[in-house]
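Structural overview for review
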Amino acid sequence: MTAIKHALQRDIFTPNDERLLSIVNVCKAGKKKKNCFLCATVTTERPVQVKVVKVKKSDKGDFYKRQAAWALRDLAVVDAKDAVKENPEFDLHFEKIYKWVASSTAEKNAFISCIWKLNQRYLRKKIDFVNVSSQLLEESVPSGENQSVTGGDEEAVDEYQELNTREEQDIEIMMGGCECAISNAEAFAEKLSRELQVLDGANIQSIMASEKQVNTLMKLLDEALKEVDQIELKLSSYEEMLQSVREQMDQISESNHLIHLSNTNNVKLLSEIEFLVNHLDLAKGHIKALQEGDLASSRGVEACTSAADALLQCMNVALRPGHDLLLAVKQQQQRFSDLREHFARRLASHLNNVFVQQGHDQSSTLAQHSVELTLPNHHPFHRDLLRYARLMEWLKNTDYGKYEGLTKNYMDYISRLYEREIKDFFEVAKIKMTGTAKESKKFGLHGSSGKLTGSTSSLNKLSVQSSGSRRSQSSSLLDVGNMSASDLDVADRARFDKVFEQVLSELEPLCLAEQDFISKFFNLQQHQSMPGTMTDAESLDGGALSRQHSSGTPLPVSSEKDMIRQMMTKIFRCVEPELNNLIALGDKIDSFNSLYMLVKMSHHVWTAQNVDPASFLSTTLGNVLVTVKRNFDKCISNQIRQMEEVKISKKSKVGILPFVAEFEEFAGLAESIFKNAERRGDLDKAYTKLIRGVFVNVEKVANESQKTPRDVVMMENFHHIFATLSRLKISCLEAEKKEAKQKYTDHLQSYVIYSLGQPLEKLNHFFDGVEARVAQGVREEEVSYQLAFNKQELRKVIKEYPGKEVKKGLDNLYKKVDKHLCEEENLLQVVWHSMQDEFIRQYKHFEGLIARCYPGSGVTMEFTIQDILDYCSSIAQSH
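Residues numbered from 1 in each chain as written. Predicted model: local features only at pLDDT ≥ 70, side-chain atom pairs only at ≥ 80, totals over all residues. Heavy atoms only, no water.

- Going by the annotation in an unreviewed UniProt entry, the name recorded for the protein chain is Exocyst complex component 1, with Catagonus wagneri given as the source organism.
- For the protein chain, the Function (unreviewed entry) comment in UniProt is given as "Component of the exocyst complex involved in the docking of exocytic vesicles with fusion sites on the plasma membrane." (UniProt positions renumbered as here; feature names shortened; annotations may be inferred.)

Next comes the structure, spelled out in structure tokens:
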């Protein structure tokens, strides 16, 4: 243990200017045996500090480290567990109880004794020593004198003292004088023993020689002790006198502490009172504004807004712990709550009255807009209401129930107003679409005091009748129930396009203005949202609003965007049905109107989606665009069905088929409408369907034709299609244009060959035989030696076709072609020129055979190529 004590003193305590007085090897009671050392130490510098230090060996096992330390003045109790029996356990009561088990009872007793001595010497503190043997404590006090407060116990406690520098030098000198000090320790020890005996003897002789001086010294010591006793008595009396002064100073110190504590508390209390007064005090002007402020004037609204903000700031103050238990704070909070409730009721009542008044005032202005295709402007109403936007935000944050009630009331009042305005607006639009006021009476629309009345259903029914009457003015080859686009003139379509564009142009700013107003007035976020879905029930009954905000906490951004959409859906619930009715009317007036509507609606949808893809306007127009696209597809399907159902007359020429002409009209109209349009792809798909239908049904009609040859029907109609596509230059139909040209060319050639036939029939038969002989291997120059094909037979055949007979045959052929071809396509001269070329080609073929097979015979045709040209020219001019 001495070696460990020396090591701890050297490694741990000496560097910290501390002295190790006692040590005990312990482990914690009841736990895994982990040994450590408890050390009693004092500092070497004054004022002296006494500590109990816990030292533990490091995990590496090479050195010791200081783990914990407690000041001895914090020690309250030392519990030795048992004062009679030997027990290694003991407890030290600092801020908590530490239970220890010493390695031996002796070490424990020595450590407790050291603690008792240190307490008596340095602390003068009453530490309770429980279950400690009184004998152990008595042994610690030297007999005779009160040495508990002297320094003599330090040497008793201190079992080991480190050598100083001088002592180390003396030992080295002594060992150096003896050569055998290191090699033979026994001899060195004997030598030292002999020298010590010599010294002892000398000392005894010296003492005996100086006995007289010793006696004198002893007397002096006795006198010194007496003086010391007297000094101690005086010190004791002084100490008793100073004891009362010390107590008084302690009382003064404690009094000063209490005064300082009182001042600190007063400062804190003043700070709390100032906090409450500054944050929970509402100015009288604000209270008066909340209770009696004029909500109808701008100045009154500003005063109420400032007061409401101040009230909200007071109510939202973050109180410190304990403030809510103060009666004055509770009363002030209750006063604020009453003010909030009172002002919220006033504000809600006033705004409800404003909503109702707006409905009445706006209704009086409907008459002046009823005769014009314009919607009333709600900007003044929005401008007046936006003064209350900050108050609505305050109401939303403080009383969401009333805020929600105002929202529903606003939707109810304003939706009825918009419904009247929009329905009257669409009635005017329907009248303008159908024509003049005189015509509108036929459609069931009557003017009464500037107010429009009429049934949409009767309008739709009669509009079909009116369009049917216009359609009946022109003869149509189509026996179908649907109207033809050619029955209406350009002015009707231009009027419809203008009216439809004006309808959309009026609706768009109206919806955007209302949505912007709702966002600002009701303090809702509306930008950059993803499209959401909602049921019609939620959008119309407002139930989703209460479900989204039942706790009074602020709505998330996505919920606020949904709320704007739902409010707009209820306010403008009649827009989509009215647009669909208008679209249905336009489609019944003229199915080609779907082209105008598709382009206009696509453009407005594109514009609305660029502003806000999830807005009510974008969603509604997108839904209507689906209907328009469906009508457009139905128009294309109806045209294809009309092609399939077309019937041709058996007694007259076919000519250009009606659906071919209608395709030309449709394509021309579509190209003018869809120029630079966003939905060009839809038109290209329709073109592809239509042109396929035209091709298929032209061939079908050509096959069924009895009066007109099939090739003529195909040639004329495909020529017309090719001319149309070449003129319009439709990029997606380039392949079909080439196909139409090829079909036209093929059927022209086929018709020419079929109609021309063999104008020199016998000559044809003769040369067919010649070519057959050559094919069988007879040389061309030897054909004239064949009996059936000699020169005499050739001359006989040629004489049967003089120029007069040839001209007569060509004239009959011209008349026949003229009967087959229609006038509007003007292909007679083209066909006649092709026949002329074909006839000349046959003539040259015969001339070539004669030159090769009958060389030098001098046989020639009765007419020349020039004669053929003259015949064809004179025949064409004569007709």
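There's plenty left to go through after this.
1. Some points on helix H14 (residues 389-398)
- Within H14, 7 of the 10 residues are buried, leaving the element largely enclosed by the surrounding structure.
- Of all the positions in H14, only Ala389, Leu391, Met392, Trp394, Leu395, Lys396 and Thr398 are classed as buried. (Buried < 20%, exposed > 50% of the residue type's maximum accessible area, 1.4 Å probe, protein only. Helix = DSSP H or I, 4+ residues; strand = E, 2+ residues; numbered from the N terminus.)

2. Focus on the nonpolar core
- If you look at the biggest cluster of nonpolar residues, it comprises 174 residues, and the most contacted ones within it are Tyr410, Val503, Phe572, Phe666, Leu763 and Val831.
- In terms of residues, this core owes the most to one element, helix H15 (residues 400-434), which gives 14 residues.
- With residues near it in sequence (within four places) discarded, Val831 still touches Met715, Leu748, Tyr751, Val752, Val817 and Leu821.
- Residues Ala40, Trp70, Trp100 and Leu137 belong to the second largest nonpolar core, which totals 31 residues. (Core = buried A, V, L, I, M, F, W, Y, C linked by side-chain atoms within 4.5 Å. Contact = heavy atoms within 4.5 Å.)

3. Describing the packing of aromatic side chains
- For the structure shown, the criterion picks out 29 aromatic pairs.
- Ring geometry for Phe381 and Phe517: centres 6.5 Å apart, planes at 40 degrees, overall tilted. Within this pair, whereas Phe381 is found in helix H13 (residues 379-385), its partner Phe517 is found in helix H18 (residues 490-521), the two being separated by 136 residues in sequence.
- On the accessibility criterion, Phe517 (2% relative accessible area) is buried.
- Chaining the aromatic ring pairs together yields one cluster made of Phe355, Phe381, Tyr400, Tyr403, Tyr410, Phe517, Phe521 and Phe522. (Phe/Tyr/Trp six-rings, centres within 6.5 Å; stacked < 30°, edge-to-face > 60°.)

4. Remarks on unusual backbone geometry
- With an omega dihedral of 0 degrees, the bond running from Arg46 to Pro47 counts as a cis peptide bond.
- Here Pro47 lies in the loop between strand S2 (36-43) and strand S3 (50-57).
- A positive phi angle is found at Asp17, which is not glycine, with a value near 60 degrees.
- The partly exposed category is assigned to Asp17, whose relative accessible area is 38%.
- Residues other than glycine seldom take positive phi values, yet Asn523 does so here, at roughly 55 degrees.
- You can see Asn523 is positioned in the loop between H18 and helix H19 (536-541).

5. A short note on the environment of Leu295
- Looking at where Leu295 falls in the secondary structure, it is placed in the loop between helix H9 (284-292) and helix H10 (298-315).
- Taking relative accessible area as the criterion, Leu295 reaches 5% and is therefore assigned buried.
- Expressed as a C-alpha distance, the spacing of Leu295 and Tyr388, which sit 93 residues apart in the sequence, is 8.9 Å.

6. Notes on a negative patch on the surface
- Among the surface-exposed residues, Glu167, Glu168, Asp170 and Glu172 lie close enough to one another that they form a single negatively charged patch.
- As for its position among the elements, Glu168 is in helix H5 (residues 165-176). (Patch = residues over 30% accessible without salt bridge, like charges linked within 9 Å, V, L, I, M, F, W, Y side chains within 5 Å. Areas by Shrake-Rupley, 256 points an atom, 1.4 Å probe, with all protein chains shown as cover. Salt bridge = Lys/Arg side-chain N within 4 Å of Asp/Glu carboxyl O. Lys, Arg positive; Asp, Glu negative; His and termini not counted. Charge placed at Lys NZ, Arg CZ, Asp CG, Glu CD.)

7. Here we look at the sheet that holds strand S6 (residues 89-93)
- Taken together, the 8 strands give an open sheet; going across it, the order is S4-S3-S2-S1-S7-S6-S5-S8, and neighbouring strands pair in mixed fashion. Each of the sheet's edge strands pairs with one partner strand only, and the pair in question is strand S4 (64-71) and strand S8 (128-130). The sheet shows a mean angle of 30 degrees between the axes of neighbouring strands, taken without regard to direction.
- Summarising the sheet, strand S1 (residues 18-28) and strand S7 (residues 97-102) pair through 3 bridges and their orientation is antiparallel. The partner of Lys28 across the bridge, within S7, is Trp100.
- Here helix H1 (residues 2-13) sits on the sheet in contact with S1, S2, S3 and S4, set at roughly 115 degrees to S1.
- Against the sheet, helix H2 (residues 105-123) makes contact with S1, S2, S3, strand S5 (77-79), S6, S7 and S8, and its axis sits at roughly 140 degrees relative to S1, the strand it touches most. (Pairing = 2+ DSSP bridges. Axes fitted to C-alpha atoms, helices over the stretch in contact; angles between N-to-C directions.)

8. Here's the deal with the pairing of S1
- Of all 11 residues making up S1, 9 are buried, and the element is well covered by its neighbours.
- Here 8 bridges tie S1 to S2, and the two strands are oriented antiparallel to one another. Opposite Ser22, over in S2, you have Ala40 as the bridge partner.

9. Focus on the packing of helix H29 (residues 761-776) against helix H30 (residues 791-799)
- Interhelical geometry of H29 versus H30 gives an angle of 155 degrees and a closest axis separation of 8 Å. The angle between H29 and H30 places the two elements in the roughly antiparallel class. Crossing angle aside, the handedness with which H29 passes H30 is left-handed. Within the contact between the two elements, H29 uses Lys762, Leu763, Phe766 and Phe767 and H30 uses Glu793, Leu794, Val797 and Ile798.
- Class assignment of the residues belonging to the contact of H29 with H30 gives a composition of 6 nonpolar, no polar and 2 charged. (Parallel < 35°, antiparallel > 145°, perpendicular 65-115°, else oblique. Left-handed = near helix turned anticlockwise from the far one by under 90°. Nonpolar A, V, L, I, M, F, W, Y, C, P; charged D, E, K, R; others polar.)

10. A look at the side chain of Ser618
- Within the secondary structure, Ser618 sits in helix H24 (residues 616-645).
- Here Ser618 falls in the buried class, since its relative accessible area comes to 3%.

11. A few points about the confidence of the model for the protein chain
- Overall, the predicted model of the protein chain reaches an average pLDDT of 79, with 84% of residues at or above 70.
- Looking across the protein chain, the model is least confident in helix H17 (residues 456-472), with a mean pLDDT of 36, and most confident in S2, with 92.
- The low-confidence segment residues 437-488, where pLDDT is below 50, has 86 contacts with residues more than four positions distant or belonging to other chains.
- In the model, residues 528-555 has pLDDT below 50 throughout and makes 47 contacts with residues more than four positions away in sequence or in other chains. (pLDDT = per-residue confidence, 0-100.)

12. Quick notes on the pairing of S7
- Of the pairings in the sheet, the one linking S6 to S7 comprises 5 bridges and is antiparallel in character. Note that in S7 the partner of Leu92 across the bridge is Tyr98.
- The hairpin turn running from S6 into S7, its antiparallel successor, is 3 residues long.

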